[in-house]
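# Structural overview
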Amino acid sequence: MKYFEKPFLDVYRPFYLGFIFVGVIVDLTTKFLVILYFQPHRYLEVLGNFFRMTLTFNTGFVFGLFQDNALPSLLATGIAIVFLIGYRWKNHDLGNPWGWNLVMAGAFGNFLDKFFVKIPGTGFRLGFSPGAGEYIGVVDFLDFDWPDFLLFSRWPAFNFADSCVTIGLTILIFTMKLEEEK
């Protein structure tokens, strides 16, 4: 019995892989530009206090929980990516492919970001051990002030990759629900 019914490139078509690649490039480019032009934890108001650009580094998990766990976060993200690739390949007809592509672009963007030490004003280097004035973790910079109904006084800063994952999951939830109702 064959575990995967379709060949890999029938599920992950070259155009889809190109879309994921472009998403990763956009994500890493925006993070690089923010590292070059912003100082950590200093913000630039874009729409007053509602939307600011603030350079932060997430060394934890979702929403910045469990900070200073860079290695477990890296391993968990890697395992999640392998699981998602296999799950999508096995369940190729489940959900909208563009939702999957967005989730993959975001997951790969944040995963790759975890392999670099960030040096504000300069750029980055490959590694996991920051020196003085250097940082590890995922670069977050989109900083919104939402109504204070959750655990946070401000919504945790996020990035392009996080947006891709959120939009992709929303598409998947809605399309899977519609498929289920049929």
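The rules behind the values
Residues numbered from 1 in each chain as written. Predicted model: local features only at pLDDT ≥ 70, side-chain atom pairs only at ≥ 80, totals over all residues. Heavy atoms only, no water. UniProt positions renumbered as here; feature names shortened; annotations may be inferred. Helix = DSSP H or I, 4+ residues; strand = E, 2+ residues; numbered from the N terminus. Buried < 20%, exposed > 50% of the residue type's maximum accessible area, 1.4 Å probe, protein only. Contact = heavy atoms within 4.5 Å. Areas by Shrake-Rupley, 256 points an atom, 1.4 Å probe, with all protein chains shown as cover. Polar contact = N/O pair within 3.5 Å; in protein donor to acceptor, adjacent residues only side chain to side chain. Phe/Tyr/Trp six-rings, centres within 6.5 Å; stacked < 30°, edge-to-face > 60°. Expected span 1.5 Å × (residues − 1).

Going by the annotation in an unreviewed UniProt entry, the name recorded for the protein chain is Lipoprotein signal peptidase, with Leptospira gomenensis given as the source organism. According to its UniProt record, the protein chain has this under Pathway (unreviewed entry): "Protein modification; lipoprotein biosynthesis (signal peptide cleavage)." UniProt's Subcellular location (unreviewed entry) comment on the protein chain is quoted here verbatim: "Cell membrane".

## Things to note about the overall build of the protein chain
Broken down by element type, the protein chain carries five helices and five strands. Taken from N to C terminus, the helices and strands of the protein chain fall in the order α-α-β-β-α-α-β-β-β-α. A buried classification covers 38% of the 182 residues belonging to the protein chain. Put simply, 58% of the contacts in the protein chain that link residues at least 6 apart link residues at least 24 apart. With the model as given, the accessible surface of the protein chain reaches about 10800 Å², and the carbon-plus-sulfur share is 70%.

## Overview of the UniProt feature "transmembrane region" (unreviewed entry) in the protein chain
Summarizing the sequence annotation, UniProt attributes the feature "transmembrane region" (unreviewed entry) to residues 15-38, 50-66, 72-89, 98-117 and 157-176 in the numbering used throughout. What you have in residues 72-89 is 100% helix and 0% strand, and the ends, taken at the C-alpha atoms, are 26 Å apart. Along residues 98-117 the backbone is 80% helical and 10% strand, and the end-to-end C-alpha distance reaches 31 Å.

## Some points on the UniProt feature "active site" (unreviewed entry) in the protein chain
As recorded in UniProt, the sites labelled "active site" (unreviewed entry) are Asp-140 and Asp-162. Look at the named residues: they lie 23 residues apart in sequence, but the longest C-alpha span between them is just 8.9 Å, so in the fold they bunch up. As for its position among the elements, Asp-140 is in strand E5 (residues 138-144). When its relative accessible area of 4% is taken as the criterion, Asp-140 is described as buried. Structurally, Asp-162 is set in helix H5 (residues 160-181). Looking at Asp-162, its side chain comes within polar contact range of the side chain of Asn-110, at 2.7 Å.

## Notes on the packing of aromatic side chains
How two aromatic rings sit relative to each other is given by the distance of their centres and the angle of their planes. Per the stated rule, a full pass over the model turns up 17 aromatic pairs. Ring centres of Phe-15 and Trp-98 lie 5.8 Å apart, and the angle between their planes is 80 degrees; on these two criteria the pair is classed as edge-to-face. Taken together, the positions of Phe-15 in helix H2 (residues 14-37) and Trp-98 in helix H4 (residues 97-113) put the pair 83 residues apart, joining distant regions of the chain. Given a relative accessible area of 61%, Phe-15 falls into the exposed group.

## Notes on H4
Relative to the 24 Å expected for 17 residues at 1.5 Å per residue, H4 spans 24 Å between its end C-alpha atoms, a close match to the ideal helical length. Burial analysis of H4 places 13 of its 17 residues in the buried class, which makes it a mostly covered element. Put simply, Asn-96 is the residue that caps the front of H4, since its side-chain oxygen is 2.6 Å from the backbone nitrogen of Trp-98.

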